Amino acid sequence: MSFRLTIPVRTDDLDLNGHVRGPAYLAYADHARWECLWAAGIDPDRLREKDLGPVNLETTIRFRRELRARATITVTTDFTWGNGKVSRVSQEFHDPDGALVAEVTSVSGLLDLTRRRLVEQPGDYWRALADRPELLGL
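Enquirer: A description of the packing of aromatic side chains should follow, citing residues and the corresponding values.
Expert: By the definition in use, this model includes four aromatic pairs. For the pair Tyr 25 and Tyr 28, a centre-to-centre distance of 6.3 Å together with 70° between the ring planes defines the contact as edge-to-face. Of this pair, Tyr 25 and Tyr 28 both sit in helix H1 (residues 22–39), three residues apart, which is roughly one turn of that helix. Here the two residues Tyr 25 and Tyr 28 agree in accessibility, since each one is buried. Here Phe 79 and Trp 81 contribute two aromatic rings whose centre-to-centre distance is 5.9 Å and whose plane-to-plane angle is 10°, an arrangement assigned as stacked. Under the relative-accessibility criterion, Phe 79 is labelled buried at 16%. Under the relative-accessibility criterion, Trp 81 is labelled partly exposed at 22%. Through a chain of ring-to-ring contacts, the aromatic side chains of Tyr 25, Tyr 28, Phe 63 and Phe 93 assemble into a single cluster.

Enquirer: I'd like a description of the pairing of strand E4 (residues 86–94), backed by residues and values.
Expert: The sheet contact formed by strand E3 (residues 72–81) and E4 spans eight bridges and is antiparallel. In the sheet register, Phe 79 faces E4, and the bridge partner there is Val 89. Between the end of E3 and the start of E4, which pair antiparallel, lie four residues, with Gly 84 showing a positive phi angle near 110°. The antiparallel hairpin formed by E4 and strand E5 (residues 100–112) contains five residues in its connecting segment, where Gly 98 sits at a positive phi of about 90°.

Scoring rules and cut-offs
Residues numbered from 1 in each chain as written. Predicted model: local features only at pLDDT ≥ 70, side-chain atom pairs only at ≥ 80, totals over all residues. Heavy atoms only, no water. Phe/Tyr/Trp six-rings, centres within 6.5 Å; stacked < 30°, edge-to-face > 60°. Helix = DSSP H or I, 4+ residues; strand = E, 2+ residues; numbered from the N terminus. Buried < 20%, exposed > 50% of the residue type's maximum accessible area, 1.4 Å probe, protein only. Pairing = 2+ DSSP bridges.

Pasting the structure below:
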């Protein structure tokens, strides 16, 4: 189940050529991931109480089409879980016509803030904390 969020492009997200800057895509991706977590019932305060914190280990942006001022984009967010300490997050950015504008993929983990180590099977922790784990692909 993909989580969807529509975001308006702001003027301060643009570069000198009038295109959305790379760091703005990363900010949109972060915002969409957190909105997905909130929608799933994850409260950041509960994470901190359990001495856990999400971390991005790798992020890649693939630009597909131009995105300019005054546009809106819809960001879909999908989580993929496997064995081990990391998960993958795939996000697609679509313009109002449905055209793929960009893709952001991330490798993420869940950090035990006391031990300063990634936890094994992070999906188990997310599932236990979520009211709607299906939004997280769990």
